[in-house]
Amino acid sequence: MVSFRELARRLKADGSVPNVVSHQRISALAAADPDFPETVRIGRAKAVDYQAARAYFMKRESRQGQRTDLKRS
């Protein structure tokens, strides 16, 4: 289990994600994406299993900079 800050650091260090991801973005994904691995609260921080989170980010398609307001429903 690693915190979101440590997860962001490890993903960057081992090259699992093509772009840098922040702990704030990881927190937003955890709150909004139902496919995000299960998290646990430790004190005031949240933690996630590193192997499950790494697999999630490896298969996740990055849509950085995509404008969703121009997409038709």
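The structure presented is a predicted model; accordingly, all values stated were derived computationally and were not measured.

Conventions we followed
- Residues numbered from 1 in each chain as written.
- Predicted model: local features only at pLDDT ≥ 70, side-chain atom pairs only at ≥ 80, totals over all residues.
- Heavy atoms only, no water.
- Pairing = 2+ DSSP bridges.
- Helix = DSSP H or I, 4+ residues; strand = E, 2+ residues; numbered from the N terminus.
- Salt bridge = Lys/Arg side-chain N within 4 Å of Asp/Glu carboxyl O.
- Core = buried A, V, L, I, M, F, W, Y, C linked by side-chain atoms within 4.5 Å.
- Buried < 20%, exposed > 50% of the residue type's maximum accessible area, 1.4 Å probe, protein only.
- Contact = heavy atoms within 4.5 Å.
- Phe/Tyr/Trp six-rings, centres within 6.5 Å; stacked < 30°, edge-to-face > 60°.

A. Layout of the pairing of strand β3 (residues 45–48). Of the strand pairs in this sheet, strand β1 (residues 2–3) and β3 are connected by 2 bridges, and their pairing is antiparallel. Bridging from a neighbouring strand, V2 pairs with V48 of β3. Sheet analysis places strand β2 (residues 39–42) next to β3, joined by 4 bridges and oriented antiparallel. Following the sheet pairing, I42 is matched in β3 by A45. From the end of β2 to the start of β3, which pair antiparallel, there are 2 residues, and G43 there has a positive phi angle of about 65°.

B. Focus on the pattern of salt bridges. In this structure the tally under the stated criterion is 3 salt bridges. Taking the shortest distance from any N to any O, the salt bridge between D14 and R54 comes out at 3.4 Å. Here the residue D14 occupies a position in helix α1 (residues 4–14), and R54 occupies one in helix α3 (residues 50–59), the gap between them amounting to 40 residues. Each of E6, R9 and R10 takes part in a single network of salt bridges with overlapping partners.

C. The arrangement of the sheet that holds β1 in detail. Within the open sheet, the 3 strands sit side by side as β1-β3-β2. Their pairing is antiparallel. Both edges of this open sheet fall to β1 and β2, since each of them pairs with a single strand only.

D. Representation of the environment of D35. The residue D35 is located in the loop between α2 (23–32) and β2 in this model. Sequence separation of D35 and Y56 is 21 residues, and the distance between their C-alpha atoms is 7.9 Å.

E. Broad picture of the nonpolar core. With 15 residues, the main nonpolar core has L7, L11, V21, I26, F36, V48 and F57 as its most contacted residues. Of all the secondary structure elements, the ones that give two or more residues to this core are α1, α2 and α3. Setting aside residues no more than four positions away along its own chain, I26 makes contact with F4, L7, A8, V21, F36 and F57.

F. Region of interest: the packing of aromatic side chains. Taken as a whole, this structure holds 4 aromatic pairs when the rule is applied. Between F4 and F36, the ring centres sit 6.2 Å apart and the planes meet at 80°, which makes this aromatic pair edge-to-face. Of the two residues, F4 sits in helix α1 while F36 sits in the loop between α2 and β2, which places them 32 residues apart along the sequence. Between Y56 and F57, the ring centres sit 5.1 Å apart and the planes meet at 85°, which makes this aromatic pair edge-to-face. Across this residue pair, the class does not change: Y56 and F57 are buried. Through successive ring pairs, a cluster of aromatic residues spans F4, F36, Y56 and F57.

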